[in-house]
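# Residue-level structural notes
Residue-level listing of the chains:
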Amino acid sequence: MKTKRIVLSDEQLKLVDKYCCNEMRELKKICLPLISLKGVADMEIDDLLSDAMKVLLETVENYDCSRNDNFGAYLTTNIKRSYLDWTRDKMRDKRVNYARDRNGNIIYEEY
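## Brief notes about unusual backbone geometry
- You will see that Asn22, though not glycine, has its phi angle at about 55°, which is positive.
- According to the relative accessible area criterion, Asn22 is exposed, its value standing at 53%.
- In this structure, Met24 takes a positive phi of about 60° despite not being glycine.

Shown next, in the form of structure tokens:
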């Protein structure tokens, strides 16, 4: 798997620092209320915060500072969209009826 190398300007680094300093205080202000609405298990909170970090980097990379938009609102919208995708993907197996054996393994057709 190849990793993508991102080069950020000073303004972009300041935005990342703002949301990631002090144990991600600003990022958690956005994420934790959204996570509490989902009712996820405590063990999945770290996964969602990690996802929010990825979204932060993608948002900073794509954000146009010259438009003078509100970066916080833009970031919040992107995190909400990412959490909706995460929820959809997480719940996908619960909606599908698989035939399972006694051990809980999926039974596949021979053909």
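## Quick look at the state of the cysteines
- Tallied over the entire structure, the rule returns 0 disulfides.
- Among the cysteines around Cys20, which has no disulfide bond, Cys21 carries the closest sulfur, lying 8.0 Å off.

## Describing the pattern of salt bridges
- Counted according to the given criterion, the structure contains 3 salt bridges.
- Between Asp85 and Arg88 there is a salt bridge, with its nearest N and O atoms 3.4 Å apart. Taken together, the positions of Asp85 and Arg88, both in helix 3 (residues 71–95) and 3 residues apart, correspond to about one turn of that helix.
- Residue Arg88 is classed as partly exposed on the basis of its relative accessible area of 38%.
- Where Arg88 meets Asp89, a salt bridge forms, and the shortest distance between an N and an O atom there is 3.1 Å.

## Brief notes about helix 1 (residues 10–38)
- Between its first and last C-alpha, helix 1 extends only 35 Å over 29 residues, short of the 42 Å set by a 1.5 Å rise per residue.
- At Glu23, helix 1 is deflected by roughly 120°, the largest bend along its length.
- Residues of helix 1 that are buried: Gln12, Leu15, Val16, Tyr19, Met24, Leu27, Ile30, Cys31, Leu34 and Ile35.
- Phi for Gly39, located one or two positions after helix 1, is positive at around 65°.

What counts as what
Residues numbered from 1 in each chain as written. Predicted model: local features only at pLDDT ≥ 70, side-chain atom pairs only at ≥ 80, totals over all residues. Heavy atoms only, no water. Buried < 20%, exposed > 50% of the residue type's maximum accessible area, 1.4 Å probe, protein only. Disulfide = S-S within 2.5 Å. Salt bridge = Lys/Arg side-chain N within 4 Å of Asp/Glu carboxyl O. Helix = DSSP H or I, 4+ residues; strand = E, 2+ residues; numbered from the N terminus. Expected span 1.5 Å × (residues − 1). Bend = angle between axes of the 7 residues up to and from the residue.

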